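A closer look at the structure
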Amino acid sequence: MKARLATCLLAALGTAPSVFASAELAQQKTCMACHAIDKKIVGPSYKDVAAKYAGQKDAVDKIAQKIMKGGSGVWGAVPMPANPKVSPAEARQLATWVLSAK
């Protein structure tokens, strides 16, 4: 029993830094100026994005491209500007994090 608990705690600790790293990355790349986890600011909440793309095999790629190149028309009239300061690897990390929002 103690071994199982220790394994679970280690697994949780192992995943927690990546979650925080992605939230921190979203702050650093100014994503949080227009988005929040659970409410619409200028753009949709991350929870709404996760729900919309749930089950789509290419969701990480689609969202990563939107992060880097911007987009319009998916969530209304306000376009999402491109973010050239985000690398492809960072965009994938952010997209994966956004899709994990619940």
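Note that the structure is predicted; figures quoted are calculated from it, not measured. (Residues numbered from 1 in each chain as written. Predicted model: local features only at pLDDT ≥ 70, side-chain atom pairs only at ≥ 80, totals over all residues. Heavy atoms only, no water.)

The predicted model of the protein chain averages 85 in pLDDT, with 79% of residues at 70 or higher. Within the model, pLDDT remains below 50 along residues 2–17, and this stretch shows zero contacts once partners closer than five positions in the same chain are excluded. (pLDDT = per-residue confidence, 0-100. Contact = heavy atoms within 4.5 Å.)

Glancing now at the state of the cysteines. Scanning all chains against the criterion turns up zero disulfides. Counting only cysteine sulfurs, Cys34 is the nearest neighbor of Cys31, a cysteine outside any disulfide, at a range of 8.9 Å. Judged by relative accessible area, which is 14%, Cys31 ranks as buried. Look at Cys34 and you get partly exposed, because its relative accessible area is 29%. (Disulfide = S-S within 2.5 Å. Buried < 20%, exposed > 50% of the residue type's maximum accessible area, 1.4 Å probe, protein only.)

Attention now moves to helix α3 (residues 59–69). Of all the positions in α3, only Ala59, Val60, Ile63, Ala64, Ile67 and Met68 are classed as buried. On an axial view of α3, the arc spanned by its buried residues comes to 155°, and they lie on one face. Contacts from the buried residues of α3 go to α2 (46–53) and α4 (88–99). Phi turns positive one or two residues past the end of α3, at Gly70, with a value near 80°. (Helix = DSSP H or I, 4+ residues; strand = E, 2+ residues; numbered from the N terminus. Arc of directions from axis to C-beta.)

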